[in-house]
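# Structural overview
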Amino acid sequence: MKRPSASDKRQAAPDATHRVVVLGASNLARGFPTVVETAQRAWGRRLEMFVALGRGRSYGRSTRMLGRQLPGILDCGLWSELAARSALPTTLPTTAVVTDIGNDLLYHEPVERIVGWVEACLDRLVALKAQTVVTLLPIENLERLSQVRFQILRRIFFPSSRVGLDEVGGRARALNDGVRRLAEARGFNVVGPRAEWYGIDPIHIRSRHMTSAWREILTAEGPAPATIDPVRTSLARALYLHSRTPFHRYFLGFEQRRAQPSARLPGGTTIAIY
């Protein structure tokens, strides 16, 4: 596969009116079409979006899932591209969302290390002058989770993990506390997930609440949620977005690189995926 050049990567919409940066893992991957449509409803159809996502994604380490390997969010190519764009004469107002911070707990990473990874991302967003929203972990759901259900869910989503429920709960609270302090110290808005967003699965937002959840998260630093019409993404749009390839990954052991942005939508929105 052709290795993308810097000029390839910077073919973004020249008339974009707003930049949106979203960092996350499985909730972001599952809700990706909803996130894109909600962002367009909030800031217009000519957006420049930069997204780091992926099921099981870590903030600081390379992860593998279903034959796919991605770098940690902190080490992906998103940051160098954003830094290059911020150095251009014309800069765009930027909104950022940092979510799905809990996967690394199940990779046996110390809370202090995870907090450090998230802090590095937040500091980079400060340098980009991004209006940033940080979401916390749904602690209430973990507290209501039975041992049996936890074991089943852990084996499905993190089969190599051996962390117990009590340990996860305590470390999740410590992670929430640490990340909340970091966000508030930088003047960032913090969103605590609503318990009703979740069902049997305590960490993934239910499909029926996807629209309202992402509308509340994305607009915590933007327009009032009530001013955004309900989102209904077409099946064709959803399939198109879910099929986009990130800038760099390994799949079944083979390295893949894709020039970004890998998605272009009617109206002028471009989406670079990392």
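## Quick look at the packing of helix α3 (residues 32–43) against helix α10 (residues 235–242)
- Running from N to C, α3 and α10 cross one another at 110°; their axes reach a closest spacing of 9 Å. Between α3 and α10, the angle falls in the class roughly perpendicular. The hand of the α3/α10 crossing is right-handed. Of the residues in α10, those in contact with F32, P33, V36, E37 and Q40 of α3 are R237, A238, L241 and H242.

## Brief notes about the environment of R124
- Mapping R124 onto the fold places it in helix α5 (residues 111–127).
- Between the C-alpha atom of R124 and that of A263, which follows or precedes it by 139 residues, the distance is 24 Å.
- Not counting chain neighbours up to four residues away, the residues in contact with R124 comprise L74 and W79.

## A look at the pattern of salt bridges
- In the structure shown here, the tally under the stated rule is 13 salt bridges.
- We note a salt bridge from E184 to R180, for which the minimum N-O separation is 3.8 Å. Pair noted here: E184 and R180 are both in helix α8 (residues 165–185), with a separation of four residues, about one helical turn.
- R180 sits in the partly exposed class, given a relative accessible area of 34%.

## So, the sheet that holds strand β11 (residues 270–273)
- The strand order across the open sheet built from seven strands is β7-β6-β5-β1-β2-β11-β10, with neighbouring strands paired in mixed fashion. Edge positions in the sheet fall to β7 (189–191) and β10 (263–264), since each of these pairs with one other strand and no more.
- Pairing analysis gives two bridges linking β10 to β11, with the strands arranged antiparallel. Within β11, the residue paired with A263 across the bridge is I271.

## Here's the deal with the pairing of strand β6 (residues 131–135)
- Taken across its five residues, β6 has four buried, putting it largely inside the fold.
- In this sheet, β6 lies alongside strand β5 (residues 94–98) in parallel orientation, the contact comprising four bridges. Counterpart to V97 in the pairing with β6 is V133.
- Between the parallel pair β5 and β6, the chain is carried across by α5, and the sense of this crossover is right-handed.
- In the sheet, β6 pairs with β7 via three bridges, with the strands oriented parallel. The residue bridging T135 from the neighbouring strand is V191, located in β7.

Calculation criteria
- Residues numbered from 1 in each chain as written.
- Predicted model: local features only at pLDDT ≥ 70, side-chain atom pairs only at ≥ 80, totals over all residues.
- Heavy atoms only, no water.
- Axes fitted to C-alpha atoms, helices over the stretch in contact; angles between N-to-C directions.
- Helix = DSSP H or I, 4+ residues; strand = E, 2+ residues; numbered from the N terminus.
- Parallel < 35°, antiparallel > 145°, perpendicular 65-115°, else oblique.
- Left-handed = near helix turned anticlockwise from the far one by under 90°.
- Contact = heavy atoms within 4.5 Å.
- Salt bridge = Lys/Arg side-chain N within 4 Å of Asp/Glu carboxyl O.
- Buried < 20%, exposed > 50% of the residue type's maximum accessible area, 1.4 Å probe, protein only.
- Pairing = 2+ DSSP bridges.
- Right-handed = clockwise from strand over helix to strand, strands pointing away.

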